[in-house]
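The residues making up each chain are set out below.
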Amino acid sequence: MSMNVIEADGLGKRYGGTWALRDCSLAVPAGHVAALVGPNGAGKTTLLNLAAGLAAPSAGGVTVLDGRPAGSVAALDGIAFVAQDTPLYKNLPARDMLHLTRNLNRRFDQQYAEIRLGELGIPLKRKAGKLSGGQQAQLALTLALARRPRLLVPDEPVAMLDPVARHDFMASVLTAMAADGVSVVLSSHVLAELERVADYLILLSRGRVQLAGEVDDLLASHRMLTGPAAEADQYAERLSVVHARRGQAQAHLLVRTTSDDPAPPGWEAHPVGLEELALAYLREPGAAALPGPARGRNNQQTEVTK
Amino acid sequence: MNIDKGTIREPGAAASGSGDSENGPQPGRKGGSGSPIEFRLDAASGVPTYLQLVHQVEHALRLGYLTLGDQLPKVRDVVAALAINPNTVLKAYKELETKGLTAGRPGQGTFIQATLSQVALPELAGLRKALLGWLAAADAAGLDQDGMVALFTSALQDFLNRRGGSAARRGTAGGGTEGVA
């Protein structure tokens, strides 16, 4: 049985009177790059903070790496969180950042960290604040990976980076996955880049999970139907329409269906891409398609509402 | 810790939990994988990433860039060079193996075990020269690129129709393993 790197059940977090995350139930399996996607304020960072044990839930619970309660020593040993602004002590040289991190953690692979920084051309004696944005991100990533985590959790890792640094950073993350079997859960709102990187998608909207699943499965279970606008309403009632775009004559319906279902007569069916799919759901916060919770309270496989 | 899907291994690579620090992530390393080919990605093509990799191997086989016994780039090197999900590379390599074109060798990597090219490189060069001659003639006659492609495609269709089923199958782009030697 495959293990789950993050498992949430009815998880919620309230700041004052506002729920940043509500009734969140999901199970992210190991061995993936799972992308947490959603608009600003959707609850991405909150969910990652809860999983990393940096915040306590107001409702429900969350475990990591097969049932270790978030924030427990066992959980902290296995998970490495890289916060949004890649926090480093700007006045400390890279060498001292390694030293500090080694002393703050039960496990730290000094040799690995030094080799890695050498390959990246990051001088150990240079102050963190004097490194380029890309190098700072790579240093923060190195500190995380040298802890030899089973789960790496970068929060908006590439938002501040230029295209080359972005590519190199993601290459580093994915190489760690290929070489050491690290699972990755990252948050991003750069949809275009996710297509190549993520093979598991979690869409968050207004503090709720809107869509979750393996990318291949999600793409296989959605189609874009194009046909006469006059017939759109008629089909919208019978099909699970996630998002509709209408012109005077022509309509595009993104529907939840399989390739085996024939398109209605006079309509064309096209496969959808990850970006198109994510956008459609994000534009319709009311639409949801979720697998049942891992240790299910309810067992329905999917639920689509419009 | 044992993670079912967690550890990505080269297809056919021997199971091993050691050598972590030696074999750790190697950022910045480009190419040098010992494979005759390097993959590239066309984000605008709309073709799924794993299929692009499959097509590029088939294309390289047809053109003779890859031949029997050649090694494909290691999964890790492809991931480092293109910043793509390792599972995507594994999916492509699995597809190539299913097609009978490649095989994993324990501890080493993935190797070509069948070829799609029907003619040897010198012959290919001759054919290419003849085609260039034809292209020059078409250009002189005032045909633009789209015109040439249309004419070639149409002529190819005629030719295949006349030759009948077996040849048509062999000539189809991405047509599986029928042409495997």
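Residues numbered from 1 in each chain as written. Chains lettered and ligands numbered in written order. Predicted model: local features only at pLDDT ≥ 70, side-chain atom pairs only at ≥ 80, totals over all residues.

Draft legend 1. Quick peek at the overall build of chain B. Scanning chain B from terminus to terminus reveals six helices and two strands. Reading the helices (α) and strands (β) of chain B from amino to carboxyl end gives α-α-α-β-β-α-α-α. By the burial criterion, 26% of the 181 residues in chain B qualify as buried. Once local pairs closer than 6 in sequence are excluded, the contacts in chain B between residues at least 24 apart make up 69%. (Helix = DSSP H or I, 4+ residues; strand = E, 2+ residues; numbered from the N terminus. Buried ≥ 20, exposed ≤ 12 C-beta atoms within 10 Å, placed from the backbone. Contact = placed C-beta atoms within 7 Å.)

Draft legend 2. Region of interest: the domain arrangement of chain A. All names here are of chain A. Examined at the domain level, chain A breaks down into domain 1 (4–206) and domain 2 (217–283). Placing the centre of domain 1 and that of domain 2 at their C-alpha centroids yields a distance of 35 Å. Mapped by element, the contributors of at least two residues to the side of domain 1 that touches domain 2 are α7 (191–197) and β9 (200–205). No other element matches the four residues that α7 contributes to the side of domain 1 that touches domain 2. (Domains from an automatic or database assignment.)

Draft legend 3. Structural context of the nonpolar core. Residue and element names in this part refer to chain A. Leu-174, Leu-201 and Ile-202 are the most contacted members of the largest nonpolar core, which has 121 residues in total. No other element matches helix α6 (residues 163–180), which puts nine residues into this core. Those residues in contact with Leu-201 that lie beyond four places of it in its chain are Ala-35, Val-37, Leu-211, Ala-212, Gly-213, Val-215, Leu-218, Leu-274 and Ala-278. (Core = buried A, V, L, I, M, F, W, Y, C linked by C-beta atoms within 7 Å.)

Draft legend 4. Just the confidence of the model for chain B, in detail. Residue and element names in this part refer to chain B. Model confidence for chain B is summarised by a mean pLDDT of 76, while 70% of its residues fall at 70 or above. Averaged over each element, pLDDT in chain B is lowest for helix α6 (residues 165–171) (48) and highest for helix α3 (residues 86–98) (95). Note on residues 1–7: pLDDT under 50 across the span, and 18 contacts to partners over four residues away in sequence or across chains. Within the model, the stretch residues 167–181 combines pLDDT values under 50 with 21 contacts to residues more than four positions away or in other chains. Interface confidence in the predicted complex, given as ipTM, is 0.79; pTM for the same model is 0.76. (pLDDT = per-residue confidence, 0-100.)

Draft legend 5. Fine view of unusual backbone geometry. Residue and element names in this part refer to chain A. Its identity as a non-glycine residue notwithstanding, Asp-66 has a phi of 65°, on the positive side. Given 16 C-beta atoms within a 10 Å radius, Asp-66 is considered partly exposed. For Arg-148, which is not glycine, the phi dihedral falls at a positive 55°.

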